[in-house]
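# Coordinate inspection notes
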Amino acid sequence: MKPTRDRAWETLTRYTKSESLLRHALAVEASTGFYARKFGEDEELWGAVALLHDFDYEIHPTLDEHPQDGAPILREEGYPEEVIDAVLSHAEHLNMPRDTQLKKTLFACDELSGFVHACGLVRPTGLDGLEPKSVKKKLKQPSFAAGVHRDEVYAGAKLLEFDLDEHIANVIAALQPIAKELGLRTAEDSQSAA
Ligand SMILES: [Fe+2]
Ligand SMILES: [Fe+2]
């Protein structure tokens, strides 16, 4: 089976109803897709992996189930092992080698997408005008988006061999086109409200 975007979205939305989890999936898809284009890789495959990486989180909300118990479901649905392997590799507790560019990118985009999204939510212009330096400042405030693992954000940039500023700028650029789907305001909204 070819893991198309439609197939992955269909699987994701069958198991996931929460708006915040769907937005997380979309944000990671956009960031991973951005890097797929940058690296000349298969954007649809990478995007499908990103959409699916937390597909079972609603039914398996603890680490003794997520994501490992989701793997047999994906296998049953006919996803190739390449997809399943990459999905599993995002979980720190499984200690799987991140030995492909896709696995590195998924890991690097997972926590940071959520963090950049959170930064956008508290700004009247959303992601528009958001600078990497203010994202880095917020990373140093433990109470802001406290659920985001800072160590994984730093480790992800390192794994991708990108400067943190550049990685943050890339994720901001990746999320801007889907700002509406992520429930973010834009510079345009704040102008029309003025
Ligand atoms: Fe996860
Ligand atoms: Fe995730």
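The following refers to the structure shown. Every value quoted in this text rests on a predicted model; they were computed, and no experiment measured them. (Residues numbered from 1 in each chain as written. Chains lettered and ligands numbered in written order. Predicted model: local features only at pLDDT ≥ 70, side-chain atom pairs only at ≥ 80, totals over all residues. Heavy atoms only, no water.)

Here the focus is the packing of aromatic side chains. If you walk through the whole model with that rule in mind, you get seven aromatic pairs. Considering the side-chain rings of Phe34 and Tyr35, the 5.7 Å spacing of their centres and the 80 degrees angle between planes classify their relative orientation as edge-to-face. Of the residues examined, Phe34 reaches a relative accessible area of 19% and is grouped as buried. Centroid distance Tyr35 to Phe162: 5.4 Å. Interplanar angle 70 degrees. Geometry classified as edge-to-face. Taken together, the positions of Tyr35 in helix α2 (residues 19-39) and Phe162 in the loop between α8 (150-160) and α9 (164-175) put the pair 127 residues apart, joining distant regions of the chain. (Phe/Tyr/Trp six-rings, centres within 6.5 Å; stacked < 30°, edge-to-face > 60°. Buried < 20%, exposed > 50% of the residue type's maximum accessible area, 1.4 Å probe, protein only. Helix = DSSP H or I, 4+ residues; strand = E, 2+ residues; numbered from the N terminus.)

Distances from the iron ion (ligand 1) to its protein donors, Asp54 (OD), His66 (NE2) and His90 (NE2), fall at 2.1 to 2.3 Å. For the iron ion (ligand 1), the donor residues sit on a single chain with the sequence spacing D-x11-H-x23-H. Note on Asp54: relative accessible area 13%, which makes it buried. On the accessibility criterion, His66 (4% relative accessible area) is buried. (Donors = N, O, S within 2.8 Å, 3.2 Å for Na, K, Ca; no water.)

To continue, consider the coordination of the iron ion (ligand 2). Where a metal carries four tetrahedral donors, each ideal angle is 109.5 degrees; where it carries six octahedral donors, the ideal angles are 90 or 180 degrees. Binding of the iron ion (ligand 2) to the protein goes through His24 (NE2), His53 (NE2), Asp54 (OD) and Asp110 (OD), at separations of 2.1 to 2.3 Å. Seen from the iron ion (ligand 2), its four donor atoms lie at angles of 84 to 175 degrees, and the figure they make is irregular. Taken in sequence order, the residues that donate to the iron ion (ligand 2) follow the motif H-x28-H-D-x55-D. The metal-metal distance between the iron ion (ligand 2) and the iron ion (ligand 1) is 4.1 Å, with Asp54 serving as a donor to both. With His24 in helix α2 and Asp54 in the loop between α3 (43-52) and α4 (71-76), this residue pair connects regions lying 30 residues apart in the sequence. Here His24 matches Asp54 in class, with each residue buried. (Tetrahedral: all angles 85-135°; square planar, octahedral: opposite > 155°, others 65-115°.)

What follows is about α9. Taking 1.5 Å as the rise per residue, α9 with twelve residues should run 16 Å; its terminal C-alpha atoms sit 17 Å apart, in good agreement. Along α9, the residues that are buried comprise Leu164, His167, Ile168, Asn170, Val171, Ile172, Ala174 and Leu175. Lining the buried residues of α9 we find α2, α6 (101-121), α7 (132-139) and α8. (Expected span 1.5 Å × (residues − 1). Contact = heavy atoms within 4.5 Å.)

Attention now moves to the pattern of salt bridges. A full pass over the atoms with the stated rule returns eleven salt bridges. With a closest N to O distance of 2.7 Å, Arg75 and Glu81 form a salt bridge. For Arg75, a relative accessible area of 42% corresponds to the partly exposed category. Look at Glu81 and you get partly exposed, because its relative accessible area is 44%. Among the ionic pairs, Lys136 bridges to Asp165, the shortest N-O distance being 2.6 Å. (Salt bridge = Lys/Arg side-chain N within 4 Å of Asp/Glu carboxyl O.)

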